[in-house]
Amino acid sequence: MPNISYAAALNLALAEAMREDPKVILLGEDIGPLGGIFTVTEGLLEEFGLDRVRETPLSEAGFMGCGIGLALCGWRPVVEIMFSDFLTMCMDQLCNQAAKLRYMSGGQASVPLTVRAPIGARNSAAAQHSQSPQAWFAHTPGLRVVLPATPANALGLLASAIECDDPVVVLEHKLLYQEEGPVPSGRHRVPLGKAEVKREGTDLTLISCSRMTQVALVAAEELTSQGVAAEVVDLRSLVPLDRETILESVARTRRAVVVDEGAIDYGITAEIAALISAELFGELLAPVGRVGALATPVPFSPPLEKTVIPQVEDVIAAVLKCVPDSPAR
Amino acid sequence: MQYLPSYRKMLLILRFEERVAELQRTGQVPGFAHLYWGQEAIAVGICHWLRPEDYVLSTHRGHGHCLAKGAEPGRVLAEIMGRSDGYCRGKGGSMHVAAFDQGILGANGIVAASLPIATGVALSNRLEGNGRVAVAFFGDAAVEEGPFHESLNLASLWDLPLLFVCEDNQYAISVTVDKRQGGKGAAAIAQAHGLESRKVDGNDVVAMLDASQWAVARARECSPVLLECATIRWGGHHSAQPTRRYRSTEELEATQAACPIARLEKRLIAEGEATMEELAEINTEIVAQVDEAERFARQSPFPKPDEATQDVYAAQEGGG
Ligand SMILES: Cc1ncc(C[n+]2csc(CCOP(=O)(O)OP(=O)(O)O)c2C)c(N)n1
Ligand SMILES: [Mg+2]
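The rules we used
Numbers given for residues are sequential positions, taken from 1 along each chain in its written order. Ligands are numbered from 1 and chains lettered from A, in the order in which they are written. Reporting of local features is limited, given that this is a predicted model, to residues whose pLDDT is at least 70; pairs of side-chain atoms are given and counted only at 80 or more, and all residues count toward the totals for whole chains, interfaces and linings. Only hydrogens and water are set aside when side-chain values are computed; all heavy atoms of the structure are taken into account. For helices, the fitted axis covers only the stretch in contact; all axes are lines through C-alpha atoms, and the angles between them, taken along N-to-C directions, range from 0 to 180 degrees. Note on conventions: DSSP H or I runs of at least 4 residues are helices, E runs of at least 2 residues are strands, and numbering of each starts at the N terminus. Put simply, angles under 35 degrees are roughly parallel, angles over 145 are roughly antiparallel, angles from 65 to 115 are roughly perpendicular, and the rest are oblique. For any pair of crossing helices, the crossing counts as left-handed if the nearer helix is rotated counterclockwise from the farther one by less than a right angle, and right-handed if it is rotated clockwise. Whether two residues are in contact is decided by their heavy atoms, any of which lying within 4.5 Å being enough. Classification used: nonpolar for Ala, Val, Leu, Ile, Met, Phe, Trp, Tyr, Cys and Pro, charged for Asp, Glu, Lys and Arg, polar for all others including Gly. Here, nonpolar core means buried Ala, Val, Leu, Ile, Met, Phe, Trp, Tyr and Cys residues that are tied together by side-chain atoms lying within 4.5 Å of each other. Here's how the labels work: a residue is buried when its accessible area is under 20% of the maximum for its type, exposed when over 50%, partly exposed in between, all with a 1.4 Å probe on protein chains only. Domain start and stop points were drawn from an automatic or database domain assignment. In this description, a disulfide is simply a cysteine sulfur pair whose atoms lie within 2.5 Å. Summed over both partners, the accessible area (1.4 Å probe) lost when two parts come together is defined as the buried area. Salt bridges are defined as contacts in which a side-chain nitrogen from Lys or Arg sits within 4 Å of a carboxyl oxygen from Asp or Glu. Distance and chemistry together define a polar contact, namely a pair of N or O atoms within 3.5 Å, with one atom able to donate a hydrogen and the other to accept it when in protein, and with adjacent residues in sequence counting only for side-chain atoms on both sides. Each helix should span, by expectation, one fewer than its residue count multiplied by 1.5 Å.

Q: Looking at this structure, I do not really get the packing of helix α8 (residues 211-223) of chain A against helix α12 (residues 312-322) of chain A. What am I missing?
A: Two quantities define a packed helix pair, namely the angle between the helix axes and the distance between the axes. Residue and element names in this part refer to chain A. Two elements in contact, α8 and α12, have axes whose closest approach is 9 Å; the angle formed by their N-to-C orientations is 55 degrees. Taken together, α8 and α12 sit at an angle that is classed as oblique. Between α8 and α12 lies a crossing of right-handed hand. Residues Val215, Val218, Ala219, Glu222 and Leu223 of α8 form the contact with α12, whose own contacting residues are Val312, Val315, Ile316, Val319 and Leu320. Tallied by class, residues from the contact of α8 with α12 come to 9 nonpolar, no polar and 1 charged.

Shown next as structure tokens:
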């Protein structure tokens, strides 16, 4: 298993999909000679040419709609939105058009569109370049939403997204692009809707996605010194959600903390906490814990940014609240 | 040129819309129905030059586009009545009729939203070199929306086989265009984006046929164009909307006087292409066709409740 970066894994998924299927076509800003501002499309213009690596004007609604029209005609477009914050510019195309066309047309339309966009706070990018808007899209019936946390999942989820006959929103974390990890050599797919147990444990289940899975893994490691064995479930997909894996794990550990980088109010953690509470109420030894970004815009100044975005310490504190009888306390 | 085929098509749209209005009054049509009556010459003029494999993207006021492009009246009406034999099995209704087998990729409930999608359809045509065109119909208010401008720019930049058809009926619900736009209208804006454009009397099917022949041919050569068609909306914004707060009786009477069907009728008689008797016969045939559509729609069952959860996602391995 070679070690490559998350950005290189995404690049590999795109290149392999384009080699395999001539109907895969890319649209986005600066995706040509520059290779995208996070280098994900590096080298693709040279290999696949201007027709299939289409640099667009700054028209997010225009080229998102263009992707939808291509998809209706049997193409498999991959649309890159430079920052997920800019998805607001094409909310109508994504949420009113792409998400609903199959349904509104009674199954006549198919929209095999993939939308890639970076999320997350990184390096004081401030309130309009730092959001984690996964809940917006997970709340829109008709869209699928996936968030890779590792290079292997970046490769496997993007490959599956491109092959999926529905619109899939692939949210990539800016702080993960340069992180390296092993990826399987040869064909690799991660099915949409399957979570992954990243670490086994018996006392509590940490449930997370994207970069927060890395944060949860660090927290779980530190918690061993306090006598807590935490299991870590990486959701990978929000839609469809792997309810089975979540509930199977929490049924064993009987405690859960859900972690997500989106603003906490009305977010991903609330949905999953509600699921666990509804299904396992009688089994739980503590209320389900939730860790998310404070319900503020993401601030600019570094100490403020750190305050708002969940940190390892926040996860540890939430876990210890659920495990009051851990030997270290 | 023979105009009788266009006469038939326009009359079908008018009689169909009259029936929709009547069915709405008697509670058979749920929701809104934005009627195309009075604007028939535009859809009929454009679609005359389209091939079955060409694509049309439509608006909230889309029944006429569907019928002109070749959709079956019975299945359109069944959709408008929320029945399971509707094109969309009752999931879309009046504002979302789509008939993919006829190249009708959908009406749209969001003003200007179909224009960006049309650029993608046209780009597909261009990349495949299949010789097809895409036509995006939209109202005068779409010109005020961002996606209109974004789409014109994309079409111009990428030389797309795309025809933009602005149906300027002067109104967005209750507000006239002079209270909404500071510029010189769609045709002038199109030229600023590098497209060719023409203004045409959209209530004169002869003028529409002429302009459309040029426009469709240009689009087919991958030279995107825009037609600005002046027309008049009959009555309210949708069939159940009263107009007394913003339209005078005189204005409403004048709209009927501009009826493109009545205009063509005069010409057909004057030029000897048809007699009054022949036109009356055509009318009888078309009324029978609409009767048949209504019969088909009425006998179609409503969808079953479990269909509500179907077609949200593709049925697929690894799906949810
Ligand atoms: C984006 C958006 N804004 C507002 C509306 C509500 N609305 C529906 S039709 C309409 C008027 C549209 O006018 P025009 O585009 O000229 O079409 P017409 O109804 O005259 O055919 C409005 C305001 C909408 N459906 N979509
Ligand atoms: Mg109008």
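Q: Help me out: how do you make sense of the nonpolar core in this one?
A: Nonpolar side chains in soluble globular proteins tend to be buried together. Residues Ile81, Leu94, Ile207 and Ile276 of chain A together with Phe164 of chain B are the most contacted members of the largest nonpolar core, which totals 123 residues. When residues of this core are sorted by domain, at least three fall in each of domain 1 (3-182) and domain 2 (196-322) of chain A. Leave out the neighbours within four places in its chain, and Phe164 of chain B touches Leu115, Ala136, Phe138, Ser151, Leu152, Ala155, Leu195, Val225, Leu226 and Leu227 of chain B. Formed by 68 residues, the second largest nonpolar core is a distinct cluster that contains Tyr3, Ala33, Ile80 and Trp214 of chain B.

Q: What am I meant to see in the state of the cysteines here?
A: Linking two cysteines covalently via their sulfur atoms produces the bond known as a disulfide. Residue and element names in this part refer to chain B. On inspection of all chains with the given rule, the structure shows 0 disulfides over all chains. Cys66 takes part in no disulfide bond, and the closest cysteine sulfur to it belongs to Cys88, at a distance of 8.6 Å. On the basis of relative accessibility, which here comes to 0%, the residue Cys66 falls in the buried class. On the basis of relative accessibility, which here comes to 0%, the residue Cys88 falls in the buried class.

Q: Sorry, what's going on with the interface of chain B and chain A here?
A: As a measure of interface size, the accessible area lost when the parts come together is often cited. On the chain A side, the residues contacting the 38 residues of chain B number 46 residues. Together chain B and chain A conceal approximately 3400 Å² of surface at their shared face, both sides included; 61% is due to carbon and sulfur atoms. Area buried by chain B at its contact with chain A is led by Phe100, Leu127 and Tyr313 of chain B, which between them contribute 18% of it. Across the contact surface, chain B and chain A share 1 salt bridge. Of the charged contacts in the structure, one is a salt bridge between Glu128 of chain B and Lys23 of chain A, with a shortest N-O distance of 2.5 Å. At the surface where chain B touches chain A, the tally comes to 18 residue pairs in polar contact (both at pLDDT 80 or more). Broken down by secondary-structure element, the contributors of at least two residues to the side of chain B that touches chain A are α5 (114-128) and α6 (146-157) of chain B. When grouped by side-chain class, the residues that make up the side of chain B that touches chain A number 21 nonpolar, 12 polar and 5 charged.

Q: Help me understand helix α11 (residues 276-299) of chain B, please; the structure alone is not making it clear to me.
A: Residue and element names in this part refer to chain B. Taking 1.5 Å per residue, 24 residues should reach 34 Å; α11 reaches 35 Å between its end C-alpha atoms and fits that length. Within α11, the full set of buried residues consists of Leu279, Ile282, Ile286, Val290, Ala293, Glu294 and Ala297. Of the surrounding elements, those touching the buried residues of α11 are α1 (4-25), α4 (73-80) and α10 (260-270).

Q: What is the right way to look at the side chain of Ser197 of chain B in this model?
A: Residue and element names in this part refer to chain B. Locating Ser197 in the fold gives a position in strand β6 (residues 196-201). At 2.8 Å, the side chain of Ser197 and the backbone oxygen of Ala187 are in polar contact. Among the polar contacts listed, one links the side chain of Ser197 to the side chain of Gln191, at a separation of 2.8 Å. Aside from chain neighbours lying at most four places away, what touches Ser197 is Ala187, Ala190, Gln191, Trp214 and Leu226.

Q: Honestly, the packing of α1 of chain B against α4 of chain B in this entry has me stumped. Any pointers?
A: Residues and elements named next belong to chain B. As a packed pair, α1 and α4 sit with axes 12 Å apart at the nearest point and diverge in direction by 25 degrees. It follows from the interaxial angle that α1 and α4 lie roughly parallel. Handedness of the α1/α4 crossing: right-handed. The segment α1 lies against α4, with Leu12, Phe16, Val20 and Leu23 engaging Pro73, Val76, Leu77 and Ile80. Of the residues belonging to the contact of α1 with α4, the class tally is 8 nonpolar, no polar and no charged.

Q: Explanation requested: the pattern of salt bridges in the structure shown.
A: Pairs can form between side chains of opposite charge whenever their charged atoms are close. Residues and elements named next belong to chain A. For the structure on display, the rule yields 32 salt bridges over all chains. Here Arg116 makes a salt bridge to Glu80, at a shortest N to O gap of 2.7 Å. Placement of Arg116 in strand β5 (residues 114-119) and of Glu80 in strand β4 (residues 76-80) is noted, with a sequence separation of 36 residues between them. Assessed through its relative accessible area of 3%, Arg116 is described here as buried. Residue Glu80 is classed as buried on the basis of its relative accessible area of 8%. The residue Arg116 makes a salt bridge to Glu172 at a minimum N-O spacing of 2.6 Å. Taken together, the positions of Arg116 in strand β5 and Glu172 in strand β7 (residues 168-173) put the pair 56 residues apart, joining distant regions of the chain. Take Arg116 and Glu172: they sit in the same class, and that class is buried. Through salt bridges with shared partners, a single network forms among Glu20, Glu163, Arg187 and Arg189.

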